Amino acid sequence: MSNQSSPNSTEIQAIFDQIAPEYDRLNQELSLGLHRVWKLMTVKWCQPEKGDFALDICCGSGDLTNLLSKQVGKTGKVIGLDFSPQQLKIARQRFSATNINWMEGDALNLPFADSSFDCATIGYGLRNVVDITQCLGELYRVLKPGAKAAILDFHQPTQTIAKLFQNWYLDHIVVPAAERYGLTDQYAYISPSIDRFPQGREQVKLGYRSGFSGAVHYPLLAGLMGVLVLKK
């Protein structure tokens, strides 16, 4: 784990407000489009069904929210929640499905009653909250018994060669891309945030400590990415 201090929630919010206009183009470019596949897998793992009430925490510009809305159908409902008003502004512009409600809110203090949701997702958000345990506790609280959540994020690979590749990729691909968009300082947070983020085994332990009855971490792309699937 890195000794570099973590940014506070206000600083993180400012970063995501600033990168919002270029967020989708950078995701597409930096992942070679693969982020769409990973998001589809994430939604599949939380097992949404027609008529469900679904939640997408840290929804950003809305990709997972939109995928959930298609799965729950017209009889279902999805809330896309984020603390960045600029990200939510873009999400509203991109997706106008009538079964989506966009909401500004804090992942550490969810504005919902206990046992409200049939399923939930978090995409690239758990790594950026200032208290992972509190976030998972809130997620557990608002899910219905038996409901599943799927959490997609960058991951610390356990194999040395994969870790070396990740470091090279961040230094030689991500940084130059951020420079082209004038977002060098904003994207500087990624590498230390990955270093601080618990590895898959630790994420599973945190899931169980938060009360979940089931927790499995699925590594993707040689461990560079991962999805944590939790069951209440």
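See the structure above.
Source: prediction; values computed, not measured.

Caption draft 1: Representation of the overall build of the protein. Within the protein one finds 10 helices and 7 strands. Each of the 232 residues in the protein was classed as buried or not, and the buried ones make up 53%. Restricting the contact set of the protein to residue pairs at least 6 apart, pairs at least 24 apart contribute 73%. For the protein, the exposed surface amounts to about 10800 Å²; the carbon and sulfur share of it is 53%.

Caption draft 2: Inspection of the packing of aromatic side chains at higher detail. Taken as a whole, this structure holds 5 aromatic pairs when the rule is applied. Between the aromatic rings of Trp-45 and Tyr-218, the centroid separation amounts to 4.5 Å while the plane-to-plane angle is 10°, which identifies the pairing as stacked. Linking Trp-45 in helix 3 (residues 35-45) with Tyr-218 in strand 6 (residues 214-220), this pair joins segments that are 173 residues apart in sequence. On the basis of relative accessibility, which here comes to 23%, the residue Trp-45 falls in the partly exposed class. Linked through ring pairs, Phe-53, Phe-112 and Phe-117 together constitute an aromatic cluster. A cation over a ring is seen here: Lys-232 above Tyr-140, with NZ or CZ 4.6 Å from the ring centre.

Caption draft 3: Representation of the sheet that holds strand 6 within the structure. The sheet built from 7 strands is open, its strands ordered 3-2-1-4-5-7-6 with mixed pairing. On the outer flanks of this sheet lie strand 3 (100-104) and strand 6, each paired with one strand and no other. The sheet shows a mean angle of 15° between the axes of neighbouring strands, direction not considered. Of the pairings in the sheet, the one linking strand 6 to strand 7 (residues 225-231) comprises 7 bridges and is antiparallel in character. Bridged to Ala-215 within strand 7 is Leu-230. Helix 6 (residues 132-142) rests against strand 1 (53-57), strand 4 (117-123), strand 5 (143-154) and strand 7 of the sheet, and its axis sits at about 145° to strand 5.

Caption draft 4: Just the nonpolar core, in detail. Core analysis: the largest hydrophobic core is formed by 29 residues, its most contacted members being Leu-55 and Leu-139. Going through the elements one at a time, strand 1, strand 2 (77-82), strand 4, helix 6, strand 5, helix 10 (200-209) and strand 7 are the ones with two or more residues in this core. In contact with Leu-139, not counting residues within four places along its chain, are Ile-57, Leu-110, Ala-120, Ile-122, Ala-149, Ile-151, Phe-212 and Leu-230. Of all hydrophobic cores here, the second largest spans 17 residues; its members include Leu-67, Leu-68, Cys-119 and Val-229.

Caption draft 5: Layout of the pattern of salt bridges. Evaluation of the coordinates by the stated rule reveals 7 salt bridges. Across the pair Asp-118 and Lys-144 runs a salt bridge, and its minimum N-O distance is 3.1 Å. In this pair, Asp-118 is assigned in strand 4 and Lys-144 in strand 5, connecting sequence segments 26 residues apart. You can call Lys-144 partly exposed: its relative accessible area is 30%. Ionic contacts of the salt-bridge type, sharing partners, join the residues Lys-39, Asp-63 and Arg-94 into one network.

Caption draft 6: Structural detail: empty space enclosed by the protein. Counted under the stated rule, the structure contains 1 cavity of 30 Å³ or more. Mapped by element, the contributors of at least two residues to the lining of the largest cavity are strand 5 and strand 7. The residue makeup of the lining of the largest cavity, split by class, is 6 nonpolar, 3 polar and 1 charged.

Caption draft 7: Structural detail: a nonpolar patch on the surface. A cluster of nonpolar side chains, namely Phe-165, Trp-168 and Ile-173, defines an oily patch on the protein surface of about 280 Å² accessible area. Note that Phe-165 resides in helix 7 (residues 160-180). Classification of Phe-165 as partly exposed rests on a relative accessible area of 41%.

Calculation notes
- Residues numbered from 1 in each chain as written.
- Predicted model: local features only at pLDDT ≥ 70, side-chain atom pairs only at ≥ 80, totals over all residues.
- Heavy atoms only, no water.
- Helix = DSSP H or I, 4+ residues; strand = E, 2+ residues; numbered from the N terminus.
- Buried < 20%, exposed > 50% of the residue type's maximum accessible area, 1.4 Å probe, protein only.
- Contact = heavy atoms within 4.5 Å.
- Areas by Shrake-Rupley, 256 points an atom, 1.4 Å probe, with all protein chains shown as cover.
- Phe/Tyr/Trp six-rings, centres within 6.5 Å; stacked < 30°, edge-to-face > 60°.
- Lys NZ or Arg CZ within 6 Å of the ring centre and 35° of its normal.
- Pairing = 2+ DSSP bridges.
- Axes fitted to C-alpha atoms, helices over the stretch in contact; angles between N-to-C directions.
- Core = buried A, V, L, I, M, F, W, Y, C linked by side-chain atoms within 4.5 Å.
- Salt bridge = Lys/Arg side-chain N within 4 Å of Asp/Glu carboxyl O.
- 1 Å grid on protein atoms, 1.4 Å probe; cavity = no way out; pocket = protein on both sides within 12 Å on 5 of 7 lines; lining within 4 Å.
- Points joined across faces, edges and corners; volume = space filled by probe spheres on them.
- Nonpolar A, V, L, I, M, F, W, Y, C, P; charged D, E, K, R; others polar.
- Patch = residues over 30% accessible without salt bridge, like charges linked within 9 Å, V, L, I, M, F, W, Y side chains within 5 Å.

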